[in-house]
There are 2 protein chains.
Amino acid sequence: MSEAQRSARAFVPGHVTGFFSAHPHDDPERTGSRGAGLTLSDGVTVSVEPAGESSVLLNGTPCAVDAVERVLASMDVTASVDAETSLPLGAGFGVSGAMALGTALAVNHAFERGRSENELVTVAHTAEVRAGTGLGDVVAQARGGIPIRLEPGAPGHGALDGVPETTRIEYVTLGELSTADVLSGDTETLSRAGEEALAALVEEPTLTTFMDASRRFARRTDLLTPEVREIVDDVENTGGDASMAMLGRTVFALGTGLSDAGYDASACHTHPAGMRLVE
Amino acid sequence: MSEAQRSARAFVPGHVTGFFSAHPHDDPERTGSRGAGLTLSDGVTVSVEPAGESSVLLNGTPCAVDAVERVLASMDVTASVDAETSLPLGAGFGVSGAMALGTALAVNHAFERGRSENELVTVAHTAEVRAGTGLGDVVAQARGGIPIRLEPGAPGHGALDGVPETTRIEYVTLGELSTADVLSGDTETLSRAGEEALAALVEEPTLTTFMDASRRFARRTDLLTPEVREIVDDVENTGGDASMAMLGRTVFALGTGLSDAGYDASACHTHPAGMRLVE
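Residues numbered from 1 in each chain as written. Chains lettered and ligands numbered in written order. Predicted model: local features only at pLDDT ≥ 70, side-chain atom pairs only at ≥ 80, totals over all residues. Heavy atoms only, no water.

For the rest of this paragraph, the subject is the relation of the copies chain A and chain B. Each copy superposes on the other: chain A lies on chain B with an RMSD of 0.0 Å after a rotation of 180° and an axial shift of 0.0 Å. Such a turn and shift between the copies fits a two-fold axis. Within chain A, Ala-273 of chain A has its C-alpha nearest the rotation axis, a separation of 2.2 Å. (Least-squares fit on C-alpha atoms with pLDDT ≥ 70 in both.)

Structure (structure tokens):
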């Protein structure tokens, strides 16, 4: 097989989940989550270059990202992966999913692997599921917009829809929350609340319903920590609309909700597109 | 029902099909085409405003677009629809599909109809099929990128994949070709050639294979008129890669293929996103 020795770069939007239900399965392609979230114009840029030995940098710092290593192994390459993002890490923005998906897309281009988009999403989704770091970010990030995950799993198994709106988003982050810890715990109450939130959004697929359903989900599942709840309440009390990113100690709000309530928030927009190659 | 009296605007990318097979069905949601094409950064902007009586303007000129009228009827509104595009009309760029889809998206926003993205795509696809003006543009234009139509029909029936590449596109147009005439004729030879082209692209989902398969399809189906064939040959003879837009007297080429061969071509790029609302 001829290996084109060139570099490639991909951009993948960030993704905050508002609510979800977990759907484990023996087959990682069928494993995933139902739920909904917002893809963000703040995302991750992943550069890939063929190398004798694989390495991963995140914002210039060497780091072990299991999902990325699994993508490289699954695509049978060794490469240096260089990811840059302004998103907070470990805070519910889907950075590991974005790194896995961006790596798959850039590797496909740099090494001329000739895979289709669905195949690349499947590679990244499977890697993220096996790493235990996410269930639904990858398929959402491949799509863009405001994805509704109707059925769990990779393309061919899962099913997606979307809320046909766009909006400015603000966010503040208080620190990390381990996705792996929550996903390995008791997910039954959580999943019941997630299924009810999804039913409400499918009934009325609007941003307003998404935010209402997300807030109800966060409260019912006890994931809303006191400090996060206080910020969400502050936004609501100044007439705004906020909820908590699943899973992170992060509050996201529509429009200028957080800055109106006096918080020093980062701002971006929903992202119209999914993953893509960049020059 | 409260009617929000506001205007809304949507952008939908253009779409050139390289090859296709036709799949009629009694149910318009299941009717469609298999095949593949390129979505274009040159597209159609559709503005919608509530009005006592419906009207449709295309580049400032009143015109009857059956698919648009069907979308308005199906969403139970009367509105003035104002579409602007730099794309040639009736030349294989999916302008009618873009107008139908943009109308559905903008109407949903202006009239707060609360439909999901899949529902809006279904409304526009069904309208386009019933109007007889297209089979696969709408689902491709809702997705963006370089869509492969694996299975025909609206969301829930059809299935899509994509070629994970981006490219500059050039095009020249010699004039109109009636989609309705071709689609109402004998489509058996055409569909057999389309299925073979699709099998080749699924086997190797790259831009190069897409262009090769498209050219072979155009030759086998006798749709390549002598003047179109001459331009395609000129591009190939100068080392470029071109084929014919299905269905239009249009040649599209990768990169600078047409200008390198001395043609005065329009230029754009593949579009990373599908339909979207614009400010």
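This part covers the interface of chain A and chain B. Counting residues at the interface gives 25 residues for chain A and 25 residues for chain B. Taken together, the two surfaces of chain A and chain B that pack against each other cover about 1800 Å², and 52% of this comes from carbon and sulfur. Our enumeration of links across chain A and chain B arrives at two salt bridges. Put simply, Arg-143 of chain B and Glu-117 of chain A hold a salt bridge, and the shortest N to O gap is 2.7 Å. Between chain A and chain B we count 12 residue pairs in polar contact (both at pLDDT 80 or more) in total. Sort the elements by how many residues they give to the side of chain A that touches chain B and helix H3 (residues 117-131) of chain A lands first, with four residues. Looking at the side of chain A that touches chain B residue by residue, the classes come out as 10 nonpolar, seven polar and eight charged. (Contact = heavy atoms within 4.5 Å. Buried area = accessible area lost by both parts, 1.4 Å probe. Salt bridge = Lys/Arg side-chain N within 4 Å of Asp/Glu carboxyl O. Polar contact = N/O pair within 3.5 Å; in protein donor to acceptor, adjacent residues only side chain to side chain. Helix = DSSP H or I, 4+ residues; strand = E, 2+ residues; numbered from the N terminus. Nonpolar A, V, L, I, M, F, W, Y, C, P; charged D, E, K, R; others polar.)

Quick look at the environment of Gly-92 of chain A now. Residue and element names in this part refer to chain A. Inspection of the secondary structure puts Gly-92 in the loop between strand S5 (79-85) and helix H2 (95-110). Residue Gly-92 is classed as buried on the basis of its relative accessible area, which comes to 13%. Considered as a pair, Gly-92 and Ala-67 are 25 residues apart in the sequence and their alpha carbons are 16 Å apart. Setting aside anything within four residues of it in sequence, one finds Gly-92 in contact with His-15, Val-16, Ala-245, Leu-247 and Gly-248. (Buried < 20%, exposed > 50% of the residue type's maximum accessible area, 1.4 Å probe, protein only.)

Let's shift gears to unusual backbone geometry. All names here are of chain A. Here the bond from Met-246 into Leu-247 is cis, since omega is 10°, no more than 30 degrees from zero. Looking at the secondary structure, you find Leu-247 in the loop between strand S9 (242-244) and strand S10 (249-254). For Asn-59, which is not glycine, the phi dihedral falls at a positive 50°. If you trace the backbone, Asn-59 turns up in the loop between strand S3 (55-58) and strand S4 (61-62). Here the phi dihedral of Asp-76 falls at roughly 60°; this positive angle occurs in a residue that is not glycine.

Residues and elements named next belong to chain A. At a minimum axis distance of 8 Å, the contact between helix H1 (residues 66-74) and H3 shows a crossing angle of 135°. The orientation of H1 relative to H3 falls into the category oblique. Crossing handedness for the pair H1 and H3: right-handed. Within the contact between the two elements, H1 uses Asp-66, Ala-67, Arg-70, Val-71 and Ser-74 and H3 uses Val-123, Ala-124, Ala-127, Glu-128, Arg-130 and Ala-131. Its residues placed into classes, the contact of H1 with H3 shows six nonpolar, one polar and four charged. (Axes fitted to C-alpha atoms, helices over the stretch in contact; angles between N-to-C directions. Parallel < 35°, antiparallel > 145°, perpendicular 65-115°, else oblique. Left-handed = near helix turned anticlockwise from the far one by under 90°.)

What follows deals with the pattern of salt bridges. Residues and elements named next belong to chain A. Summed over all chains, the structure comprises 30 salt bridges over all chains. Arg-219 serves as the salt-bridge partner of Glu-236, at 3.5 Å between the closest nitrogen and oxygen. Placement of the pair is Glu-236 in helix H8 (residues 226-237) and Arg-219 in helix H7 (residues 207-220), with a sequence separation of 17 residues. Within the structure, one salt-bridge network assembled from shared partners comprises Asp-212, Arg-215, Arg-219, Asp-233, Glu-236 and Asp-241.

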